[in-house]
Amino acid sequence: MEKKAQTLNAKKLTKQDFASDQEPRWCVGCGDYAILAQVKRVLPELGIPREKIVFVSGIGCSSRFPYYLNTYGLHTVHGRAPTVATGIKLANPDLSVWIVTGDGDGLSIGGNHLLHLFRRNLDVNVILFNNEIYGLTKGQFSPTSPLGKVTKSSPYGSVDAPLNPISFALGAGATFVARSIDRDTRHLAHILKRAAEHKGCSFIEVYQNCNIFNDGAFAELTSPETKLDHVLYLEHGQPLIFGKEKKRGLRLKGMNFEIVELHEEEDVGQLYLHNENDFNPAAAFLLAHLTDREDYPTPVGVFRRIQEPTYEYLVHDQIQRVTDQKGKGDLAQIYMSGDVWKVE
Amino acid sequence: MEDAKTRSRKELEHVIVRFAGDSGDGIQLTGKQFTRTTAIARNELNTLPDFPAEIRAPAGTLHGVSSFQIHFGREHIHTPGDKVDVLVAMNPAALKTNLRHLRDNAIIILNVDAFTEKNLRLAGYEKNPLETGELSAYQVYPIAITTYTLKALEDVELSHKEKERCKNFFALGVVYWLFDRPLEPTIEWIQAKFARNAVLAEANVRALKAGRNFAESTELFHSAFRVLPAEIPPGLYRNITGNEALVLGLISAGEKSGLSLYYASYPITPASDVLHMISLYKNFGVITFQAEDEISAIGSALGASFAGKIGVTATSGPGLSLKTEFVGLAVMMELPLVILDIQRAGPSTGMPTKTEQADLLMAMYGRHGEAPLPVVAACSPSDCFYAAYEAVQVALRFMTPVVVLSDGFLANGSEPWRIPDPNDLPPIQVKFAEPNGPFYPYQRDPVTLARNWAIPGTPGLEHRLGGLEKEDLTGNVSYDPENHDKMVRLRAEKIDRVRNFVAEPEIVGPEEGELLLVSWGSTHGTVLTVVEQLQKEGHAVSMYHLRWINPLPEKLGTYLKRFRRVVIPEINLGQLASLIRNKYLVDAIPFNRVRGLPLQVSELTEFVKSLLEE
Ligand code: SF4
């Protein structure tokens, strides 16, 4: 009750309230600017006071993010933002905690932590800027770079099989898994908001253009001419339809999706209805792996959203239960535990 | 009757007893019971448990031997002792591995039932040592411990195997008689421990009594002993291991500061017990987090500190290596954080269950860049309580990570601890920054140089911290050369000022003389024993034991110059020695043994004497 009153009384915050006094130092034209703009747009809509928001990042271009927001923020160690965020959220579950990471930071050096963050279902929001390249170290292949990618460290083409971030998140048990694109600002804002609203660990992969070292990596998905033919917008309860004319769809065949050309209106009936809340992650995996298949569209939107108890809840609930059972801790009493004897 | 017997007992100043057997023989438990009874009989004491690294080493083998040594006496007991006076060996392997620890003419109590062909072979004996005369330098008492135990339990409703397992209490009964100890404390303990299994309780009590009666009625020993009680300050006592003491110290600091603890770690020998124990105390509001790795443990602890808790993490050498990057970040962010390093023998995996002091330089310098932090070392198991408590005080007051050094010897070793009154512990005051006027994250307290601690949730104090160099005052990212130089010096100066806040150690002995022993950590007991002995013999020897190794105490420099010689004994290759030589330009002489064991009194005495004679 009290919290609600506070929020109501507080003056409505705006985008400007979330801007810090530091000038962003990303390259001109970098996709990071667009993501920052959408985050600033969404934060005031959440009704969370600024002092209760904490942004945590690791190292990399994207990880400069916290400096540009007038919230609490920590710019930490390469790959380790999830660990710091875990401490913050467990220490004070009342905070809205956001992790900003990249494909190198989150999936290479920090892959381990992200995995455990997901499986524990800590109620934080992870935004992973995927530009399929190392930017800050000036252009080496990353764990999401495609095979054959020619970079400074792979002059003859990368022979490292890439990781699929969505599949990784699903596999690790993340309870909210979504994808969006830096240039698709409205979609991005919508997904950010939904992630924030989800109680549990939210993961958003954002395709982000690094115009310096990997320009155009997602051009097909962002240029007005090709975009609609290559992007599949996932919507809960809706059939999987894509294409400029909305004339193509996906249906299940055996253990896979196949493309159906929609000639008649009834053809829609055979299409797969997207169900975010499906406890069985199989369909979400199939969608995640559409990017492996030539001629198939790239899904964006929410792949999966399920409810599970959050980690911080379980941790604090246990503390509460033990305290109820044993009574509030008493130092003198634990000093005396075990064998005590008296010397007169 | 009783009087006549007691009069015939020989009085001893101090004794070293060692129990040894298979790790399945209940040796540690037996040792702990003997310790407890000894403490209740008001002797000073010190113990050394030693068990195999393997979880279940094969029975009867040399590397499956577990042992427990206790040194007790009327006064000046600071170490587990060097040479054993009484060995209880439950099998041939226990005999073989422990012979080298015995003094000449030591008493050996053997379970002859275990000297079977198979066990002899497993222990690597070609012939039965009881028959070859190779034990002639000792007083050997072969007792059919298993047979007698089974006999005493003949009509008890237990399986053969269960009965056999009571044999350690029989052995304990024998040793109790040898030292004229009461059985009651152990009987009470057994009854409480096996409250739910009256038959088992009864069996163990019977075995214990049978052992005592056997020793008494057979007039087994040529002579029996008595160790007179020590003058121990009155109060309530308990036994405490170093790891238990760390936990209680941390919980106490949490309570006293009014902040709760956030404890995160990844299991590692010999630090895991800290996690186990602290996890029990959730009703103190302690948040415990078993992290996915060492890095996550410290990262989350640092995050919790940012959010206003006392972040604590514990580990041992290999884990500290993994944590170092975050320690550097904590130095940069100037947040409170306590890092416990329970040192073990390294490098690499080394000897995980053995003790060492070789992480000192890592604790001091094991980070990139100029990243100073306070380092405190506990000197005994119970001192771990105060070391942990003080570390929290310093971390909060100076907004800095603090490393607490313990080691395997302190962690598992125990000693009687006079239980303090929680109200007597020094208060810990914490002040979070409050929103009034302009807020500067790196504004410093003029006395301590600590910066403001502003925690998320406080309106108006939103700020960003990170690993990039900070501008003085504002904390904004800065690449300015002069600012960097200034900040590097400020961070160092802050740590230096910890000296004004912590108690200065007292010198043991006169402030000048022939030779000064400078020590730190768990070698305290050994060095103190040596110094007391030499002082008694009339040598001008003193001891200065360092508690805070960073910053070093003011007086150290003066003392170093007032003695003709300075010796620094350590269980490493001279790490404190190199720190001191470097800082004070004195020709300190290192004394080093790196065997995974505490230093021995006899060796150090000999070394010091040879220097005194030069
Ligand atoms: S290097 Fe690439 S990702 Fe980094 S700031 Fe520049 S454009 Fe953005």
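Along each chain, the written sequence defines residue order, and numbers are assigned to residues from 1. Naming scheme: in the order in which they are written, chains are lettered from A and ligands are numbered from 1. Selection of residues for local features in this predicted model requires a pLDDT of at least 70, selection of side-chain atom pairs for listing and counting requires 80 or more, and totals for whole chains, interfaces and linings are taken over all residues.

Visitor: Looking at this model, I keep getting lost on the overall build of chain A. Mind explaining?
Guide: Helix numbering and strand numbering both begin at the N terminus, where a helix is a DSSP run of H or I of at least 4 residues and a strand a DSSP run of E of at least 2. Broken down by element type, chain A carries twelve helices and twelve strands. Summarising its shape, the C-alpha atoms of chain A cover approximately 95 × 50 × 45 Å along the three principal directions. Three exposure classes are used. Buried residues have 20 or more other C-beta atoms within 10 Å of their own C-beta, exposed residues have 12 or fewer, and partly exposed residues fall in between, all C-beta atoms being placed from the backbone. A buried classification covers 44% of the 344 residues belonging to chain A.

Visitor: Honestly, the overall build of chain B in this entry has me stumped. Any pointers?
Guide: Each helix and strand counted, chain B has 22 helices and 22 strands in total. Sorting the 614 residues of chain B into buried and exposed places 52% on the buried side. Contacts spanning at least 24 positions in sequence make up 76% of the contacts within chain B whose residues lie at least 6 apart. A residue pair is marked as a contact if its C-beta atoms, positioned from the backbone, fall within 7 Å.

Visitor: Looking at this model, I keep getting lost on the nonpolar core. Mind explaining?
Guide: One broad trend across soluble globular proteins is that nonpolar side chains are buried collectively. Ranked by size, the top nonpolar core spans 248 residues in total, and within it A:Val56, A:Ile88, A:Phe203, B:Tyr262, B:Val338, B:Ala388 and B:Val404 carry the most contacts. The greatest single-element share of this core, amounting to eleven residues, is contributed by helix H16 (residues 383-398) of chain B. Sequence-distant contacts of B:Tyr262, that is, excluding residues within four places in its chain, are made with A:Gly87, A:Leu90, A:Ala91, B:Ile287, B:Ala301, B:Ala304, B:Lys309, B:Ile310, B:Gly311 and B:Val312. The term nonpolar core means buried Ala, Val, Leu, Ile, Met, Phe, Trp, Tyr and Cys residues held together as one set by C-beta atoms within 7 Å. Among the nonpolar cores identified, the runner-up in size contains six residues, and A:Ile133, A:Tyr134, A:Phe141 and A:Cys210 belong to it.

Visitor: Quick question: what am I supposed to make of the domain arrangement of chain B here?
Guide: It is common to report an interface's size as the accessible area lost on association of the parts. Residues and elements named next belong to chain B. Domain annotation for chain B reports domain 1 (2-227), domain 2 (239-424) and domain 3 (513-613). Spacing between the C-alpha centres of domain 2 and domain 3 amounts to 26 Å. Domain 2 puts 23 residues into the contact, and the matching count from domain 3 is 20 residues. Breaking the side of domain 2 that touches domain 3 down by element, the ones donating at least two residues are helix H15 (360-365), strand E14 (375-377), strand E15 (401-407) and helix H17 (408-412). As a working rule, the residues Ala, Val, Leu, Ile, Met, Phe, Trp, Tyr, Cys and Pro are called nonpolar, Asp, Glu, Lys and Arg charged, and the rest polar, with Gly in that last group. Here the side of domain 2 that touches domain 3 is built from residues that sort into 17 nonpolar, three polar and three charged. The split of the chain into domains comes from an automatic or database domain assignment.

Visitor: I'm lost on the interface of chain A and chain B in this one. Help?
Guide: Taken together, the 52 residues of chain A in the interface contact 58 residues of chain B. Within the residue set of the side of chain A that touches chain B, elements represented by two or more residues are strand E2 (72-75), helix H3 (81-91), helix H5 (111-120), helix H11 (311-326), helix H12 (331-335) and strand E12 (340-343) of chain A. For the side of chain A that touches chain B, the element with the most residues is H3(A), which contributes eight residues. Taken together, the residues that form the side of chain A that touches chain B break down as 24 nonpolar, 18 polar and ten charged. As paired elements, E2(A) and strand E17 (residues 464-466) of chain B share three bridges and run parallel to each other. The pairing criterion for strands is at least two bridges between them, as found by DSSP.

Visitor: Where do I start with the sheet that holds strand E20 (residues 548-550) of chain B in this structure?
Guide: Two strands in a sheet stick together by hydrogen bonds in their backbones, pointing the same way (parallel) or opposite ways (antiparallel). Residue and element names in this part refer to chain B. Here seven strands make up an open sheet; going across it, the order is E11-E10-E12-E13-E15-E14-E20 and the pairing mixed. Each having just a single partner strand, strand E11 (287-290) and E20 make up the two edges of the open sheet. Neighbour-to-neighbour, the strand axes of the sheet open up by a mean angle of 20°, direction not taken into account. Across two bridges, E14 lies against E20 in antiparallel orientation. Note on E20: the bridge partner recorded for Val-375 is Asn-550. Strand contacts of helix H14 (residues 317-333): strand E12 (310-315), strand E13 (337-343) and E15, with the helix running at about 160° to E13, the strand carrying the most contacts. Lines fitted to the C-alpha atoms define the axes, with helices restricted to the stretch that makes contact. Angles between their N-to-C directions range from 0 to 180 degrees. Set on the sheet, H16 makes contact with E12, E13, E14 and E15; between it and E15 the angle comes to about 170°.

Visitor: Which parts of the structure should I look at to understand the site of the ligand?
Guide: To decide nearness, the C-beta atom of each residue is placed from the backbone, and the residue is near a molecule or strand if that atom lies within 6 Å of it. Contacts to the ligand come from A:Trp26, A:Cys27, A:Cys30, A:Asp32, A:Cys61, A:Asn131, A:Gly135, A:Cys210, A:Asn211, A:Ile212 and A:Phe213. Tallied by class, residues from the shell around the ligand come to seven nonpolar, three polar and one charged.

Visitor: Any chance you could explain the pairing of strand E10 (residues 261-265) of chain B here in plain terms?
Guide: Note on strand geometry: in a regular strand, side chains alternate between the two faces of the sheet. Residue and element names in this part refer to chain B. Within E10, five of the five residues are buried, which leaves it mostly tucked inside the rest of the structure. Burial along E10 is two-sided: Leu-261, Tyr-263 and Ser-265 facing one way and Tyr-262 and Ala-264 facing the other are all buried. Both E10 and E12 contribute to a ladder of five bridges, which runs parallel. For Leu-261, the partnering residue across the bridge sits in E12 and is Ile-310.

Visitor: Honestly, helix H2 (residues 31-42) of chain A in this entry has me stumped. Any pointers?
Guide: Side chains of residues three or four places apart in an α-helix project in the same direction, reflecting 3.6 residues per turn. Residue and element names in this part refer to chain A. A helix is expected to span 1.5 Å for every residue after the first. The terminal C-alpha atoms of H2, which comprises twelve residues, lie 17 Å apart, in line with the 16 Å expected from a rise of 1.5 Å per residue. Along H2, the positions that sit buried rather than exposed are Gly-31, Asp-32, Ile-35, Leu-36, Gln-38, Val-39 and Val-42. Buried residues in H2, looked at end-on, bunch into an arc of 165°, giving them a common side. Among the structural elements, strand E4 (125-130), helix H7 (185-197) and strand E6 (202-207) are those in contact with the buried residues of H2. Working definition: the arc comes from the directions between the helix axis and the C-beta atoms, pointing outward to the latter.

Visitor: Sorry if this is basic, but what is going on with the sheet that holds strand E16 (residues 414-418) of chain B here?
Guide: Read across the open sheet, the three strands follow the order E12(A)-E9(B)-E16(B); overall the sheet is antiparallel. Looking at strand neighbours, the two that pair on one side only are E12 of chain A together with E16 of chain B, the edges of this open sheet. Each adjacent strand pair in this sheet contributes to an overall mean axis angle of 35°, direction not counted. When E12(A) meets strand E9 (residues 235-241) of chain B, the two strands line up antiparallel, connected through four bridges. Bridging across to E9(B), A:Lys342 finds its partner in B:Leu236. Most of the contacts of helix H2 (residues 27-40) of chain B go to E9(B), to which it runs at about 155°, and overall it touches E12 of chain A together with E9 and E16 of chain B. Most of the contacts of helix H11 (residues 242-257) of chain B go to E9(B), to which it runs at about 115°, and overall it touches E9 and E16 of chain B.

Visitor: Help me out: how do you make sense of the environment of A:Phe285 in this one?
Guide: Residue and element names in this part refer to chain A. Along the chain, Phe-285 turns up in helix H10 (residues 282-288). Among the residues examined, Phe-285 registers 16 C-beta atoms within 10 Å and is labelled partly exposed. If near-sequence neighbours (up to four positions away) are discounted, Phe-285 is found in contact with Ser-167 and Leu-170.

Visitor: Please explain the packing of H2(B) against helix H9 (residues 184-193) of chain B as it appears in this structure.
Guide: Packed helices, taken two at a time, are described by their axes: the angle between them and the distance between them. Residue and element names in this part refer to chain B. Relative orientation of the contacting elements H2 and H9 amounts to 130°, with a least axis distance of 9 Å. One way to sum up the angle between H2 and H9 is to call them oblique. With respect to the hand of their crossing, H2 and H9 are arranged in right-handed fashion. When H2 is examined against H9, the residues Gln-33, Arg-36, Thr-37 and Ile-40 are found in contact with a partner set consisting of Pro-185, Thr-186 and Trp-189. The class makeup of the residues in the contact of H2 with H9 is three nonpolar, three polar and one charged. Any angle that falls under 35 degrees is termed roughly parallel, while one over 145 is termed roughly antiparallel, one within 65 to 115 roughly perpendicular, and all others oblique. Each crossing is labelled by how the near helix is turned from the far one, with a counterclockwise turn of less than a right angle marking it left-handed and a clockwise turn marking it right-handed.

Visitor: Help me out: how do you make sense of the confidence of the model for chain A in this one?
Guide: The predicted structure's coordinates, where accompanied by low pLDDT, should not be read in detail. Per-residue confidence for chain A gives a mean pLDDT of 95, with 97% of residues at or over 70. The pLDDT value tells you how sure the predictor is about a given residue, anywhere from 0 up to 100. Note that residues 1-9 of chain A has pLDDT below 50 and, in this model, two contacts with residues that lie over four places away or in other chains.

Visitor: How should I be thinking about unusual backbone geometry in this particular structure?
Guide: Residue and element names in this part refer to chain B. Backbone torsion omega between Thr-269 and Pro-270 reads 0°, so that peptide bond is classified as cis. By the element assignment, Pro-270 lies in the loop between E10 and helix H12 (272-278). The residue after Asn-550, namely Pro-551, is reached through a cis peptide bond having omega -5°. In the Ramachandran plot, His-76 falls in the positive-phi region, its phi being about 55° despite a non-glycine side chain. You can see His-76 is positioned in the loop between strand E4 (65-73) and strand E5 (84-89). A tally of 16 C-beta atoms within 10 Å means that His-76 is categorised as partly exposed.

Visitor: What is the right way to read the confidence of the model for chain B from this model?
Guide: Residue and element names in this part refer to chain B. On average, residues of chain B carry a pLDDT of 95, and 98% of them reach 70 or more. Low confidence marks residues 1-7, where pLDDT is under 50. Its contacts with residues over four positions away, or in another chain, come to one contact. Taken over the whole predicted complex, pTM reads 0.93, whereas the ipTM for its chain interfaces reads 0.96.

Visitor: Hey, could you run me through H3(A) in this one?
Guide: Extensive coverage of H3(A) is indicated by the burial of eleven of its eleven residues. Restricting attention to buried positions, one finds in H3(A) the residues A:Ala81, A:Pro82, A:Thr83, A:Val84, A:Ala85, A:Thr86, A:Gly87, A:Ile88, A:Lys89, A:Leu90 and A:Ala91.

Visitor: I tried to follow the environment of B:Ala388 on my own but got confused; where do I start?
Guide: All names here are of chain B. Considering the arrangement of structural elements, one finds Ala-388 in helix H16. For Ala-388, a count of 30 C-beta atoms within 10 Å corresponds to the buried category. Spatially, the C-alpha atoms of Ala-388 and Val-403 are 9.4 Å apart, while their sequence positions differ by 15 residues. Not counting the four nearest positions on each side in its chain, Ala-388 is found in contact with Leu-246, Gly-249, Leu-250, Ala-253 and Val-404.

Visitor: Looking at this model, I keep getting lost on the environment of B:Gln69. Mind explaining?
Guide: Residue and element names in this part refer to chain B. Tracing the backbone through its elements, the reader meets Gln-69 in strand E4. We classify Gln-69 as buried; it has 23 C-beta atoms within 10 Å. For the pair formed by Gln-69 and Leu-48, sequence separation is 21 residues and the distance between their alpha carbons is 5.0 Å. If we skip the residues at most four places from it in the chain, Gln-69 touches Ile-16, Arg-18, Thr-47, Leu-48, Pro-80, Gly-81 and Val-84.

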